[in-house]
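Summary of the model geometry
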Amino acid sequence: VQQAEDDGLYRLGYVVDRQSSQHSEFHATRLVGPGGMWKSSSGHITNEFIVFELQHGPHTVSGIEFGIADTMATPRRCRVQYSMKNGCGPWQDAWNFSVESPGVRTSYRSLHQYGEDIRIFSQSLVKLFGSTEKAWQALSPNDSPTMSLDDLTAFFKQLHHNIPREGFNLAQGA
């Protein structure tokens, strides 16, 4: 488990709090040590999980890296979640990722940039409307410093009807 820092990534201390199941020879607690490996119990192949508790207080986790020992046992669809309370939840999604055909890889790393989608959306609106002020006027026609769900819904309906279908991708701008 890793946390982003301005100059790169660094490892966070953690303990294994609990797991969905475990093979008698490959306990989840072995993940903490070098070369540690966890296997689920025989026949348990869906909805398997491990709960890590971070040491030294809360952190913003922006990446996870794990080794691949066996391509047949590699996780495929993964979800990183967090709880503000404890290791029993309630859970909120941080990000999802898929490990597609690991092939000859021996490890997999997933990184997440919080706020990246909002940044791209904001830049696209500024490019579309010409300025931050004009984009905000389109988003919040009542000139309010906040935006209601009704305002957002109306904005997307108007955007849907007024933008030509060809030649515009909101993620890339006009």
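Here the structure is a predicted model, which is why all the values come from computation and not from measurement.

Let us now look at the overall build of the protein chain. Across its full length, the protein chain holds three helices and eight strands. A buried classification covers 23% of the 174 residues belonging to the protein chain. Looking at the protein chain alone, contacts between residues at least 24 apart form 48% of all its contacts between residues at least 6 apart. Carbon and sulfur atoms make up 52% of the accessible area of the protein chain, which totals about 12,500 Å².

Atom-level detail of predicted coordinates should not be read off regions where pLDDT is low. On average, the protein chain scores 79 in pLDDT, and the residues at 70 or more come to 87%. When pLDDT is averaged over each element of the protein chain, strand E7 (residues 92-98) comes out on top at 90 and strand E1 (residues 2-5) at the bottom at 48.

The topology assignment puts Ser-131 in the loop between helix H1 (116-129) and helix H2 (132-139). Residue Ser-131 is classed as buried on the basis of its relative accessible area, which comes to 18%. Among the polar contacts listed, one links the side chain of Ser-131 to the backbone nitrogen of Lys-134, at a separation of 3.1 Å.

We now examine the pattern of salt bridges. Tallying each qualifying case throughout the model produces three salt bridges. For Arg-109, the salt bridge identified is with Glu-65, shortest N-O distance 3.1 Å. Residue Arg-109 is located in strand E8 (residues 107-111), and its partner Glu-65 is located in strand E5 (residues 63-67); the two are separated by 44 residues in the primary sequence. On the basis of relative accessible area, Arg-109 is assigned to the partly exposed category, the value being 42%. Looking at Glu-65, the relative accessible area reads 29%, which means it is partly exposed.

Quick look at the environment of His-27 now. Relative to the helices and strands, His-27 is located in the loop between strand E3 (14-19) and strand E4 (50-54). A C-alpha to C-alpha distance of 7.1 Å links His-27 and Lys-39, two positions 12 residues apart in sequence. Excluding residues that lie within four positions of it along the chain, His-27 makes contacts with Gln-22, Met-37 and Trp-38.

The step from Gly-89 to Pro-90 runs through a cis peptide bond, and the omega angle for that step is 0°. As for its placement among the helices and strands, Pro-90 is situated in the loop between strand E6 (77-82) and E7. The backbone phi angle of Asn-47 is positive, close to 55°, even though this residue is not glycine. Secondary-structure assignment places Asn-47 in the loop between E3 and E4.

Our focus in this paragraph is the packing of aromatic side chains. Applying the stated criterion across every chain yields a total of eight aromatic pairs. Ring centres of Phe-66 and Phe-97 lie 6.4 Å apart, and the angle between their planes is 35°; this geometry places the pair in the tilted category. With Phe-66 in strand E5 and Phe-97 in strand E7, this pair connects stretches of sequence that are 31 residues apart. In terms of burial, Phe-66 and Phe-97 fall into one category: buried.

Criteria and cut-off values
In this numbering scheme, every chain counts its residues from 1 along its sequence in written order. Only residues with pLDDT of 70 or above have their local features reported here, since the model is predicted, and side-chain atom pairs are shown and tallied only from 80 upward, although totals for entire chains, interfaces and linings are computed over all residues. Side-chain numbers here rest on the full set of heavy atoms in the structure, without hydrogens or water. Under the DSSP-based scheme used, a helix requires at least four consecutive residues in state H or I and a strand at least two consecutive residues in state E, with every element numbered from the N terminus. Any residue under 20% of the maximum accessible area for its type is buried, any over 50% is exposed, and the rest in between are partly exposed; the area is computed with a 1.4 Å probe on protein chains only. Every residue pair with non-hydrogen atoms within 4.5 Å of one another is taken to be in contact. The accessible surface values rely on the Shrake-Rupley method and a 1.4 Å probe; as for residues, cover is taken only from the protein chains in view. Residue-level confidence of the predictor, termed pLDDT, takes values from 0 up to 100. Within 3.5 Å is the distance limit for a polar contact, defined as a pair of N or O atoms, with the added protein rule that one can donate a hydrogen and the other accept it, and that residues adjacent in sequence qualify only through two side-chain atoms. Put simply, a salt bridge is a Lys or Arg side-chain nitrogen that is within 4 Å of an Asp or Glu carboxyl oxygen. Each Phe, Tyr or Trp ring (for Trp, its six-membered ring) is paired with any other whose centre lies within 6.5 Å, and the angle between the two planes then decides the class: stacked below 30 degrees, edge-to-face above 60, tilted in between.

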